[in-house]
Amino acid sequence: DNGAASEFDLAAGWSGALAEDWGADLYVQRYQYPGSDIGLNWNEVTGVLSWRERVWASASHSSNAMASKTRGSYLTLGLRQPLGQGWRLEGTLSRYLLQSRYADSYTSGSLGLAWAFKAPLEARLTLHATDSAARRLFPEMAGTRVVLSLQAGF
């Protein structure tokens, strides 16, 4: 109902090794919704700490979370388990901390299977789920769903 038919996530930042098994990413991300007639575009800053590219924790913050003109922070814990021959299992648990004048904070999670079949391409099948607070905030979009996607990394 807002005129947006797509979402583009643009990111720029730095990533590097902190020690032999530890890495970090710092970046700014822009969420862009072409065609939106209500100004949905917004920015967020994110930091990620990872261990052996298998376990990670990230924290994001925005002064305009989800284009709400209120502050919000997004925390995620993730696991990645290689299965061999380009396959891996991934899972995340996230909590979005929102200012209560905008909406209740909510929790989401995912469990997925990824196949890196030809660099830089990957296919993913992911189960996503959210709690009841997310369903109140996004009644048409939150809940449980399965997503099949094709991704390219550069």
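*Asks:* Can you help me understand the packing of aromatic side chains in this one?
*Replies:* The relation between two aromatic rings is expressed through the spacing of the ring centres and the mutual angle of the planes. Throughout the structure, instances matching the rule amount to six aromatic pairs. Between Trp 87 and Trp 115, the aromatic rings sit 5.3 Å apart at their centres with planes inclined by 10 degrees, giving stacked as the arrangement. Of this pair, Trp 87 sits in strand β6 (residues 87–98) while Trp 115 is found in strand β7 (residues 106–118), placing the two residues 28 residues apart along the sequence. By relative accessible area, which is 36% here, Trp 87 ends up partly exposed. The interplanar angle of 40 degrees and the centroid separation of 5.7 Å between the aromatic rings of Tyr 96 and Tyr 106 together place this pair among those described as tilted.

*Asks:* Honestly, the pattern of salt bridges in this entry has me stumped. Any pointers?
*Replies:* Side chains that differ in sign of charge can pair as their charged atoms come close. Enumeration over the complete set of coordinates arrives at eight salt bridges. Between Arg 88 and Glu 122 there is a salt bridge, and its shortest N-O distance comes to 2.9 Å. Of this pair, Arg 88 sits in strand β6 while Glu 122 sits in strand β8 (residues 121–130), and the two are 34 residues apart along the sequence. With respect to class, Arg 88 is no different from Glu 122; both count as buried. Two residues, Arg 124 and Glu 122, come together in a salt bridge whose shortest N-O distance is 3.3 Å. With relative accessibility at 15%, the residue Arg 124 sits in the buried group.

*Asks:* How do you make sense of the pairing of strand β5 (residues 72–84) when you look at a structure like this?
*Replies:* The two faces of the sheet receive side chains in turn, since in a regular strand these alternate between them. Relative to β5, strand β4 (residues 55–62) runs antiparallel, the two being bridged by eight bridges. Paired with Ala 59 across the bridge in β5 is Leu 75. Connecting the antiparallel pair β5 and β6 is a turn made up of two residues, with Gln 85 showing a positive phi of about 50 degrees.

*Asks:* How do you make sense of the nonpolar core when you look at a structure like this?
*Replies:* General note: in soluble globular proteins, nonpolar side chains tend to be found buried as a group. Tyr 33, Trp 42, Met 66, Tyr 96, Leu 98 and Tyr 106 are the most contacted members of the largest nonpolar core, which has 14 residues in total. Among the elements of the structure, β6 and α1 (132–137) are those that each provide at least two residues to this core. Once residues lying within four places of it in the same chain are set aside, the contact partners of Met 66 are Trp 42, Tyr 96, Leu 98, Tyr 102, Tyr 106, Leu 137 and Phe 138.

*Asks:* How do you make sense of a nonpolar patch on the surface when you look at a structure like this?
*Replies:* Nonpolar side chains collect at one region of the surface, where Leu 83, Trp 87, Leu 89, Leu 111, Leu 113, Trp 115, Phe 117, Leu 125, Leu 127, Val 146, Leu 148 and Leu 150 lie side by side and expose about 1200 Å² of accessible area between them. Those elements that place two or more of their residues in the nonpolar patch are β6, β7, β8 and β9 (145–152). Ranked by the residues each element gives to the nonpolar patch, the list is headed by β7, at four residues.

*Asks:* Would you explain the sheet that holds strand β2 (residues 22–32) in this entry?
*Replies:* In a beta sheet, neighbouring strands are held together by backbone hydrogen bonds and run either parallel or antiparallel to one another. In spatial order, the strands read β1-β2-β3-β4-β5-β6-β7-β8-β9; together these nine strands make up an open sheet with antiparallel pairing. Strands at the two margins of the open sheet, each flanked by one partner only, are β1 (8–17) and β9. The mean inter-strand angle of the sheet, taken between neighbouring strand axes irrespective of direction, is 20 degrees. One ladder, built from 10 bridges, connects β1 with β2; its direction is antiparallel. Within β2, the residue paired with Asp 9 across the bridge is Tyr 31.

So, how was this worked out
- Residues numbered from 1 in each chain as written.
- Predicted model: local features only at pLDDT ≥ 70, side-chain atom pairs only at ≥ 80, totals over all residues.
- Heavy atoms only, no water.
- Phe/Tyr/Trp six-rings, centres within 6.5 Å; stacked < 30°, edge-to-face > 60°.
- Helix = DSSP H or I, 4+ residues; strand = E, 2+ residues; numbered from the N terminus.
- Buried < 20%, exposed > 50% of the residue type's maximum accessible area, 1.4 Å probe, protein only.
- Salt bridge = Lys/Arg side-chain N within 4 Å of Asp/Glu carboxyl O.
- Pairing = 2+ DSSP bridges.
- Core = buried A, V, L, I, M, F, W, Y, C linked by side-chain atoms within 4.5 Å.
- Contact = heavy atoms within 4.5 Å.
- Patch = residues over 30% accessible without salt bridge, like charges linked within 9 Å, V, L, I, M, F, W, Y side chains within 5 Å.
- Areas by Shrake-Rupley, 256 points an atom, 1.4 Å probe, with all protein chains shown as cover.
- Axes fitted to C-alpha atoms, helices over the stretch in contact; angles between N-to-C directions.

Such coordinate-based values are descriptive only and should not be taken to indicate function.
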